Amino acid sequence: MAPVLDIRGLRTAFATAAGDLHALDGIDLVVNRGEIVALVGESGSGKSVTGFSITGLLPAAARVTAGEVRLNGIDLRALSPAAMRSLRGRKVAMIFQDPMMTLNPVLRIDTQMTDALRAHLPLGRAEARARCAAALAEVGIDEPEARLKMYPHQLSGGMRQRVAIAIALLHSPDLVIADEPTTALDVTIQGQILAVVQRLCREKGTALVWITHDLAVVAGIADRIAVMYAGRIVEQGPVDAVLDAPRHPYTRGLIDSVPASHPKGQRLPQIPGRMPTLTELPEGCAFAPRCTRRSAACAARPDPAEAAPGRWVRCFHPLPGAGG
Amino acid sequence: MLEFILRRVAQAVLVLFVMTLLVFFGVHVIGNPVYIFASSECTRECLNDIIANLGLDRPIWEQYWLFLGNLLQGDLGRSFTHGVPAMSLIWQRFPATLELATAALVLALAAGLPLGLYAGLRPDSPVSKAIMGFSMLGFSVPIFWIGLILILTFSVRLGWLPAIGRGQLVEVLGVRVSFLTLDGLRHLAMPSFTLSLIMMSMVIRLTRAGMREVLHTDYIRFARANGIRESRVIGVHAMKNILIPVVTVLGMEFASVIAFAVVTESIFSWPGVGKMLIDAIAVLDRPLIVAYLIFVVVMFVTLNLLVDILYSVLDPRVRVGGRTR
Ligand SMILES: Nc1ncnc2c1ncn2[C@@H]1O[C@H](COP(=O)(O)OP(=O)(O)O)[C@@H](O)[C@H]1O
Ligand code: SF4
Ligand SMILES: [Mg+2]
């Protein structure tokens, strides 16, 4: 059976006054049925652009210039806008970062939910309502009937994110792309939201791409991890293997800068420098200016190489694997 | 909600009181109407008679006190020139003005919303640039000039539309209106278009700006990510947000449109309160001028109150008494 999501060589460019700038430069990512994949990287590395490239919701200035995006084997780039719309919400859904902004401030929850429901199902009013209430109950919202009549500003941030999750899961899509859905929330709420999404995806067999810049949440939720840097995936593999023994120098740096991995009071090692912007990308390895392992070879562009089964690294001098 | 309304009404009464002071004393500064009534061979004696008749011999504070007392009973005095209660003159003329202003409002919305929407959705197309150019002109070209050009083109040169008057009227619920007859509509076309231009330009700009802003929000992206049809995303999810500023601004503007229909009514000899005011000023008909100004103030205050209520209905976030997190 075809994987739920199969991305190959995806490139996405923004048209600017200085010409096309590629925010994504050769993304390869496969997500299997029911799998949870964490897409990790610093802010600006291209995680959101990846999500919008998949669902065809890129900003007007951006377009996919090369590569393939397949959902259940269907080539999404070949679809008409109408056909793409009929997949959105039904086969692939999204959850966004800021629950304060994701829900329409002037429409009641029931309007927003039934609109999403009836976009793909010709249901009567009463039945649509009943389904929406059931969906709210499923994400742990009490008194769903009463909440349906409310406006977003009458709900807390965590509650709003639950509503957004309920909407995204209304049609039991095959794939959900969650773009930093807990970043804007309190730590305690973060854990709850994480648990709700994880449980529902496992129950329904939904594949999940969990976008985050926070490595700390990855270990608990994901099966696999893909690390992004400056528009490329530099390392991917099973989550434990990557976190225990990163092979790419950037992944190593990221893990070392997570507070939990260090004794209290000790200074956190930070990767020196910052990620290059799209206009200042080096010719070869984009991480080279910050890399301690770089050599003359790094002036060329490294391609992804399979370092171990299911383990890909984009580096000329990868760190030794566990036991090696 | 009730408390909110009561508080606003109290504010309104205060505003009104201050306005009566300004209006009453202001009008007394601009000239003495007696000389307009007196014929050239009128002696001192006959002048005094007229002054006593009009009640102008009493001290100004007493005049104001009297005026205020009458005002509270809904009496704004008699027009010097017409000899009938000023208010009844205003009520007689007001339907014509209201009809003109309403027609202008409807035109502004009917044309402004779709044009602004288009310009917001395709900001770079030549059509959008033309629309925005038109809205710039609507703001900057003087109304009387547009009115005259319209008359020259459509009445004088082409002979398609009548230049003056209201045309054939029909009575609906005791009010005589022109928009229900073809002749009336032909008379209404040019003045209402002229009066609507500024409002229309405003609607275009607000709708376009609102659309540009709303299209970038996460909630529109989310609606699209849920597969909701584009027509519904734009027509309901985006539109409901855009309408809030449009309705608010138009509501505020509507009172000014009525008050400043003066120019348009003069150009097209539209028999409304605006034209009446110009005539009243020409002969210094104080009670009529004062009555008109008070009337306009009441109208402003009432409309603003209505807009506030409407705004809170449209935008659930400001709804008074609504539970916030
Ligand atoms: N609307 C836009 N116009 C121009 N460049 C953009 C736009 N949105 C994103 N980018 C560029 O694309 C790159 C990736 O952005 P994004 O995917 O939002 O990063 P992330 O989600 O990982 O923080 C960034 O370098 C950013 O400058
Ligand atoms: S390719 Fe070279 S510069 Fe890039 S990460 Fe590997 S060692 Fe560092
Ligand atoms: Mg992002």
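None of these values were measured; they are calculated from a predicted model. (Residues numbered from 1 in each chain as written. Chains lettered and ligands numbered in written order. Predicted model: local features only at pLDDT ≥ 70, side-chain atom pairs only at ≥ 80, totals over all residues. Heavy atoms only, no water.)

**Section: the overall build of chain A**
Piece 1. Each helix and strand counted, chain A has 11 helices and 12 strands in total.
Piece 2. Over its C-alpha atoms chain A spans a radius of gyration of 20 Å, differing by no more than 12% from the 20 Å that the globule rule assigns to 324 residues.
Piece 3. Dimensions of chain A, computed from the C-alpha atoms along their principal axes, are close to 65 × 50 × 40 Å.
Piece 4. Of the contacts formed within chain A by residues at least 6 apart in sequence, a portion of 64% connects residues at least 24 apart.
Piece 5. Of the roughly 13,400 Å² of accessible surface on chain A, 55% is carried by carbon and sulfur atoms. (Helix = DSSP H or I, 4+ residues; strand = E, 2+ residues; numbered from the N terminus. Rg over C-alpha atoms; globule rule 2.2 N^0.38 Å. Contact = heavy atoms within 4.5 Å. Areas by Shrake-Rupley, 256 points an atom, 1.4 Å probe, with all protein chains shown as cover.)

**Some points on the layout of surface pockets**
Piece 1. Considering only enclosed or pocket space, the largest pocket measures out at about 1,200 Å³ in volume.
Piece 2. When contributions to the lining of the largest pocket are tallied by element, the ones reaching two or more residues are helix 1 (47–55), strand 4 (62–71) and helix 2 (81–87) of chain A together with helix 5 (86–121), helix 9 (218–225) and helix 10 (230–259) of chain B.
Piece 3. The residue inventory of the lining of the largest pocket, partitioned by class, reads 21 nonpolar, five polar and 10 charged.
Piece 4. For the second largest pocket, the calculated volume is near 560 Å³.
Piece 5. Lining the second largest pocket are 22 residues, with Leu54(B), Leu56(B), Gly77(B), Phe80(B) and Pro287(B) positioned closest to its centre.
Piece 6. Put simply, the parts of the chain that give the lining of the second largest pocket at least two residues each are helix 1 (2–29), helix 3 (44–54), helix 4 (60–72) and helix 13 (286–314) of chain B. (1 Å grid on protein atoms, 1.4 Å probe; cavity = no way out; pocket = protein on both sides within 12 Å on 5 of 7 lines; lining within 4 Å. Points joined across faces, edges and corners; volume = space filled by probe spheres on them. Nonpolar A, V, L, I, M, F, W, Y, C, P; charged D, E, K, R; others polar.)

**Observations regarding the site of ligand 1**
Residue and element names in this part refer to chain A.
Piece 1. Around ligand 1, the neighbouring residues are Phe14, Ala23, Glu42, Ser43, Gly44, Ser45, Gly46, Lys47, Ser48, Val49, Pro59 and Leu278.
Piece 2. The separation between an oxygen atom of ligand 1 and a polar main-chain atom of Gly46 is 3.1 Å.
Piece 3. One of the backbone nitrogen or oxygen atoms of Val49 is found 2.9 Å away from an oxygen atom of ligand 1.
Piece 4. Considered on its own, ligand 1 offers 560 Å² of accessible surface; in the complex 63% of this is hidden by protein.
Piece 5. Ranked by residue count, the leading element in the shell around ligand 1 is helix 1, at three residues.
Piece 6. Of the residues that constitute the shell around ligand 1, the class distribution is five nonpolar, five polar and two charged. (Near = heavy atom within 4 Å. Polar contact = N/O pair within 3.5 Å; in protein donor to acceptor, adjacent residues only side chain to side chain.)

**Side note on the interface of chain B and chain A**
Piece 1. Listed as interface residues are 24 residues of chain B and, on the opposing side, 32 residues of chain A.
Piece 2. Counting the surface lost from both chain B and chain A, the interface buries some 2,600 Å², and carbon and sulfur atoms represent 59% of this.
Piece 3. Applying the counting criterion to the chain B and chain A interface returns one salt bridge.
Piece 4. Connecting chain B to chain A are 10 residue pairs in polar contact (both at pLDDT 80 or more).
Piece 5. Mapped by element, the contributors of at least two residues to the side of chain B that touches chain A are helix 9 and helix 10 of chain B.
Piece 6. A per-class count over the side of chain B that touches chain A returns eight nonpolar, five polar and 11 charged. (Buried area = accessible area lost by both parts, 1.4 Å probe. Salt bridge = Lys/Arg side-chain N within 4 Å of Asp/Glu carboxyl O.)

**Quick look at a nonpolar patch on the surface**
Residue and element names in this part refer to chain B.
Piece 1. Together, Phe144, Trp145, Leu148, Ile149, Leu152, Val156 and Val263 make up a nonpolar patch on the protein surface, roughly 670 Å² of accessible area in all.
Piece 2. The element best represented in the nonpolar patch is helix 7 (residues 143–157), accounting for six residues.
Piece 3. Position of Phe144 relative to the elements: it lies in helix 7.
Piece 4. Given the relative accessible area of 47%, Phe144 is considered partly exposed. (Patch = residues over 30% accessible without salt bridge, like charges linked within 9 Å, V, L, I, M, F, W, Y side chains within 5 Å. Buried < 20%, exposed > 50% of the residue type's maximum accessible area, 1.4 Å probe, protein only.)

**Structural notes on the site of ligand 2**
Piece 1. Within the structure, ligand 2 sits among His248(A), Pro249(A), Cys285(A), Phe287(A), Ala288(A), Cys291(A), Arg293(A), Arg294(A), Cys298(A), Cys315(A), Phe316(A) and His317(A).
Piece 2. In terms of residue class, the shell around ligand 2 is made up of eight nonpolar, two polar and two charged.

**A few points about helix 1 of chain A**
Piece 1. With eight of nine residues buried, helix 1 of chain A lies mostly within the body of the structure.
Piece 2. All of the buried residues in helix 1 of chain A are Lys47(A), Val49(A), Thr50(A), Gly51(A), Phe52(A), Ser53(A), Ile54(A) and Thr55(A).

**What to know about the domain arrangement of chain B**
Residues and elements named next belong to chain B.
Piece 1. As assigned here, chain B comprises domain 1 (1–81 + 298–325) and domain 2 (88–282).
Piece 2. In this structure, domain 1 and domain 2 have C-alpha centres spaced 29 Å apart.
Piece 3. Of the residues lining the interface, 13 residues belong to domain 1; the matching set on domain 2 comes to 14 residues.
Piece 4. Both faces combined, the contact of domain 1 with domain 2 buries some 1,100 Å², and carbon together with sulfur accounts for 83% of it.
Piece 5. For the interface between domain 1 and domain 2, the tally reads zero residue pairs in polar contact (both at pLDDT 80 or more).
Piece 6. Per-element tally for the side of domain 1 that touches domain 2: the top contributor is helix 13, with nine residues. (Domains from an automatic or database assignment.)

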